[in-house]
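An overview of the molecular structure
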Amino acid sequence: MKKVAVIMGSTSDLPVMQDAVDVLKEFGIEVDIDIVSAHRTPEKMVDFGKNAHKNGYAVIIAGAGGAAHLPGMVASLSPLPVIGVPVKSSNSIDGWDSVLSILQMPGGVPVATVALNGAKNAGILAAQIMGSSDASIQQKVVSYKERLKEKVIKGADEIRGTKL
């Protein structure tokens, strides 16, 4: 079975990126986590990007803050879909620098981009991508979305029964 790589620029990104790991594990998808800094370990990033498809990955989730080059650089090296997670880091300008660095990719180098600190949605999107060719994962995504719907309906029922 293929797996998902969750990579990030530094350990400070882990509290955000853990949401992707958690949701992927909920779907029963194998996840590998690593620190791959575009600026501090560029050789490691190049090796990872060029070989990820050979190492059993189906999707790469890359989180980065500040200048946020990791998702785009990995996407330039890999034939796999890359989902970028902009991380609001201590050196970030309200997170917009990270968002725009990941979102504004040149033609030919796509990166699917989720919301600032939106690693949970990155995990769900990775599961949906994998589910397009794996019926068991797709069924888990369907069930997950059904639970979301039921939660909203339950909340609506509860609020209608509340006297304001």
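Scroll up a little and you will see the structure.
Report on the accompanying structure. Being a predicted model, the structure only gives us computed values, none of them experimental.

Cut-off values and rules
Residues numbered from 1 in each chain as written. Predicted model: local features only at pLDDT ≥ 70, side-chain atom pairs only at ≥ 80, totals over all residues. Heavy atoms only, no water. Pairing = 2+ DSSP bridges. Helix = DSSP H or I, 4+ residues; strand = E, 2+ residues; numbered from the N terminus. Contact = heavy atoms within 4.5 Å. Axes fitted to C-alpha atoms, helices over the stretch in contact; angles between N-to-C directions. Phe/Tyr/Trp six-rings, centres within 6.5 Å; stacked < 30°, edge-to-face > 60°. Buried < 20%, exposed > 50% of the residue type's maximum accessible area, 1.4 Å probe, protein only.

Spatial strand order, β2-β1-β3-β4-β5: five strands in an open sheet with parallel pairing. The open sheet has two free edges, formed respectively by β2 (31-35) and β5 (112-113), since each of these has just one partner strand. Inspection of the sheet shows strand β1 (residues 3-8) paired to strand β3 (residues 57-65) by six bridges, in the parallel sense. Bridge pairing links K3 to Y57 in β3. In the packing of helix α3 (residues 70-77) onto the sheet, contacts are made with β1, β3 and β4 (82-87), and the angle to β3 comes to roughly 150°. In this fold helix α4 (residues 96-103) packs onto β3, β4 and β5, with an angle of close to 165° to the strand it touches most, β4.

Attention now moves to the packing of aromatic side chains. Scanning all chains against the criterion turns up two aromatic pairs. A centroid spacing of 5.4 Å and a plane angle of 65° characterise the contact between F27 and Y144, whose relative ring orientation is edge-to-face. Within this pair, whereas F27 is found in the loop between α1 (14-26) and β2, its partner Y144 is found in helix α6 (residues 135-160), the two being separated by 117 residues in sequence. Of the two residues, F27 and Y144, neither departs from the other in class, the shared state being buried. Between F48 and Y57, the aromatic rings sit 6.0 Å apart at their centres with planes inclined by 50°, giving tilted as the arrangement.

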